[in-house]
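# Geometric and topological summary
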Amino acid sequence: MNSLKRIMVGLDLSEMDDTLIRYTAFLCSISEIEEVYFIHAEKSLDLPDELLESMPNGMSADERLRASLVEKVDSHFGPDSRVKVEVQVVEGSPLKELLHLAKVNQIDLVVVGRKFHMRGSGVLAQKILRNGRVSVLFVPENEDSVLSHIMVSVDFSDYSLMALERMLNSSLLRQDVRITCLHVYQVPTGYITLGISYEDFDERMQGLARNKFEQVLERFPALKERAELRLVKQENEDDVGELIMVEAKRAKADMLLIGAKGKSAAALFVLGSVTEKILRYNDDIPMIVYKKEKEEIGFLDALLSTE
């Protein structure tokens, strides 16, 4: 089962577009992606004269913008490409238009840029993650078109297992791709009341994680020969997002995957999730955030959640 057939790429007419188009072409070359929709949404197509002057004459604003984007896309997707490619320029709220098109086209993954130094705030990318039910791939400015090592953040919840399953069914997982399942654990303070030493309880927590990982391997036999478990202890003052990113960089992972719990939009603006903490520290590793398409939990549940 291929769970990655149709992807949508959000373009914003900045230098980030070149990075996104190049990385998307790379993903298509190593997978069975069938359709790619490159979308640029403008609040208004009444564009500045200096921008229109650089585009072909005799066209409307949307036609001129589309022509410039098609030229960029065609440089990476030639006429012989097996992938169906469509370039669209739409008018309206970028967030609403992208989420609407993702739903209408039954998009499996939205690809967006993760900016740090390039022009633009990159806020739209996080709004898509917060408000949409579609999975999102964040591509950093300095990406390398390489995929030989995938790291999956695993807490053994249904959401991390969903991420593993989606990865296995994505067609991105070639035979030569290594998989590291990263589990961040804590030693509960309650160990003191049990008369057990800190070191002993630490070993027990690690053993519990290894047992759970064995259960994961039983559930997903395809992981047995290619996945390893990496355990990282979270001390009291440690930021889990920073820990995950330090380990991902130390392991030289080419992509990071995480399964995110659905939340109401209001709660996400109040509570920073683990996903957002990871994004805060992630400046150079492509990251897919998998979401369950039809899930959204309530405001109170989201506030009480740790993810």
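Right above here is the structure, for reference.
For the structure given in this document, a descriptive report is provided here. (Residues numbered from 1 in each chain as written. Predicted model: local features only at pLDDT ≥ 70, side-chain atom pairs only at ≥ 80, totals over all residues. Heavy atoms only, no water.)

## Overview of unusual backbone geometry
Apart from glycine, the bulk of residues carry a negative phi angle, and the bulk of peptide bonds sit in the trans form. At leucine 13, a residue that is not glycine, the phi angle is positive and equals roughly 70 degrees. Structurally, leucine 13 is set in the loop between strand 1 (6–11) and helix 1 (16–30). For leucine 13, a relative accessible area of 24% corresponds to the partly exposed category. The phi torsion at glutamine 106 lies on the positive side, around 55 degrees, for a residue other than glycine. (Helix = DSSP H or I, 4+ residues; strand = E, 2+ residues; numbered from the N terminus. Buried < 20%, exposed > 50% of the residue type's maximum accessible area, 1.4 Å probe, protein only.)

## Regarding the side chain of arginine 6
Here arginine 6 shows up in strand 1. Buried charged residue arginine 6 carries no salt bridge. Nearest counter-charge: glutamate 35, at 4.6 Å. At a separation of 3.4 Å, a polar atom in the side chain of arginine 6 contacts the main-chain carbonyl oxygen of asparagine 105. For arginine 6, the side chain forms a polar contact with the main-chain oxygen of glutamine 106, separated by 3.1 Å. (Lys, Arg positive; Asp, Glu negative; His and termini not counted. Salt bridge = Lys/Arg side-chain N within 4 Å of Asp/Glu carboxyl O. Polar contact = N/O pair within 3.5 Å; in protein donor to acceptor, adjacent residues only side chain to side chain.)

## Some words on helix 7 (residues 198–219)
With 22 residues, helix 7 extends 32 Å between its outermost C-alpha atoms, agreeing within 8% with the 32 Å of an ideal straight helix rising 1.5 Å per residue. Summarising the contacts, the buried residues of helix 7 are in contact with helix 6 (158–168), strand 7 (178–185) and strand 8 (227–233). (Expected span 1.5 Å × (residues − 1). Contact = heavy atoms within 4.5 Å.)

## Remarks on the sheet that holds strand 5 (residues 136–140)
Pairing between the strands of a sheet is mediated by backbone hydrogen bonds and can be parallel or antiparallel. Overall, mixed pairing links the ten strands, which are arranged 3-2-1-4-5-10-9-6-7-8 in an open sheet. Where the open sheet ends on each side, the last strands, each with one partner, are strand 3 (84–91) and strand 8. Taking each pair of neighbouring strands and ignoring which way they run, the sheet shows an average axis angle of 25 degrees. In this sheet, strand 8 lies alongside strand 7 in parallel orientation, the contact comprising seven bridges. Of the residues in strand 8, the one forming a bridge with valine 184 is valine 232. Sheet strands in contact with helix 1 are strand 1, strand 2 (35–42), strand 4 (109–114), strand 5 and strand 9 (255–260), and its direction is about 120 degrees off that of strand 5. Along the sheet, helix 7 contacts strand 7 and strand 8; its crossing angle with strand 8, the most-contacted strand, is approximately 150 degrees. (Pairing = 2+ DSSP bridges. Axes fitted to C-alpha atoms, helices over the stretch in contact; angles between N-to-C directions.)

## What to know about the pattern of salt bridges
Applying the stated criterion across every chain yields a total of ten salt bridges. When the shortest N-O distance is used, the salt bridge between lysine 233 and aspartate 202 registers 2.9 Å. Taken together, the residues lysine 233 in strand 8 and aspartate 202 in helix 7 connect sequence positions 31 residues apart. Overall, aspartate 202 belongs to the buried group, its relative accessible area being 10%.

## Examining the packing of aromatic side chains
Throughout the structure, instances matching the rule amount to two aromatic pairs. A ring pair is formed by tyrosine 23 and phenylalanine 26, whose centres lie 5.8 Å apart and whose planes are at 45 degrees; its orientation type is tilted. Placement of both tyrosine 23 and phenylalanine 26 in helix 1 is noted, with a separation of three residues, approximately one turn of the helix. On the basis of relative accessibility, which here comes to 0%, the residue tyrosine 23 falls in the buried class. Pairing phenylalanine 38 with phenylalanine 77 gives two aromatic rings, centres 5.8 Å apart and planes at 65 degrees, and the pair type is edge-to-face. With phenylalanine 38 in strand 2 and phenylalanine 77 in the loop between helix 3 (61–74) and strand 3, the pair connects residues that are 39 residues apart, well separated along the chain. (Phe/Tyr/Trp six-rings, centres within 6.5 Å; stacked < 30°, edge-to-face > 60°.)

## Thoughts on the pairing of strand 7
Of all eight residues that make up strand 7, seven are buried, and the element is covered over most of its length. Here strand 6 (residues 149–153) runs beside strand 7; their pairing, made up of five bridges, is parallel. Opposite isoleucine 150, over in strand 7, you have isoleucine 179 as the bridge partner. The β-α-β motif built from strand 6, the intervening helix 6 and the parallel element strand 7 has right-handed crossover chirality. (Right-handed = clockwise from strand over helix to strand, strands pointing away.)

## Topic: the packing of helix 8 (residues 240–250) against helix 10 (residues 274–281)
Helix 10 packs onto helix 8 with a crossing angle of 55 degrees between their chain directions and a minimal axis gap of 7 Å. What the angle tells us is that helix 8 and helix 10 run oblique. Considering how the two elements wind past one another, helix 8 and helix 10 form a crossing that is right-handed. Between helix 8 and helix 10, the contacting residues are Val240, Gly241, Glu242, Ile244, Met245 and Lys249 on the first element and Val274, Lys277, Ile278 and Tyr281 on the second. Residue composition of the contact of helix 8 with helix 10, by class: six nonpolar, one polar and three charged. (Parallel < 35°, antiparallel > 145°, perpendicular 65-115°, else oblique. Left-handed = near helix turned anticlockwise from the far one by under 90°. Nonpolar A, V, L, I, M, F, W, Y, C, P; charged D, E, K, R; others polar.)

## Describing the packing of helix 1 against helix 3
It is the contact of helix 1 with helix 3, at a shortest axis distance of 9 Å, that shows an interaxial angle of 45 degrees. It follows that helix 1 is oblique to helix 3 by the angle criterion. Like other packed secondary-structure pairs, helix 1 and helix 3 cross with a definite hand, here right-handed. When helix 1 is examined against helix 3, the residues Asp17, Asp18 and Ile21 are found in contact with a partner set consisting of Leu69, Lys72 and Val73. Looking at side-chain class alone, the contact of helix 1 with helix 3 contains three nonpolar, no polar and three charged residues.

These figures come from the coordinates and say nothing about function on their own.
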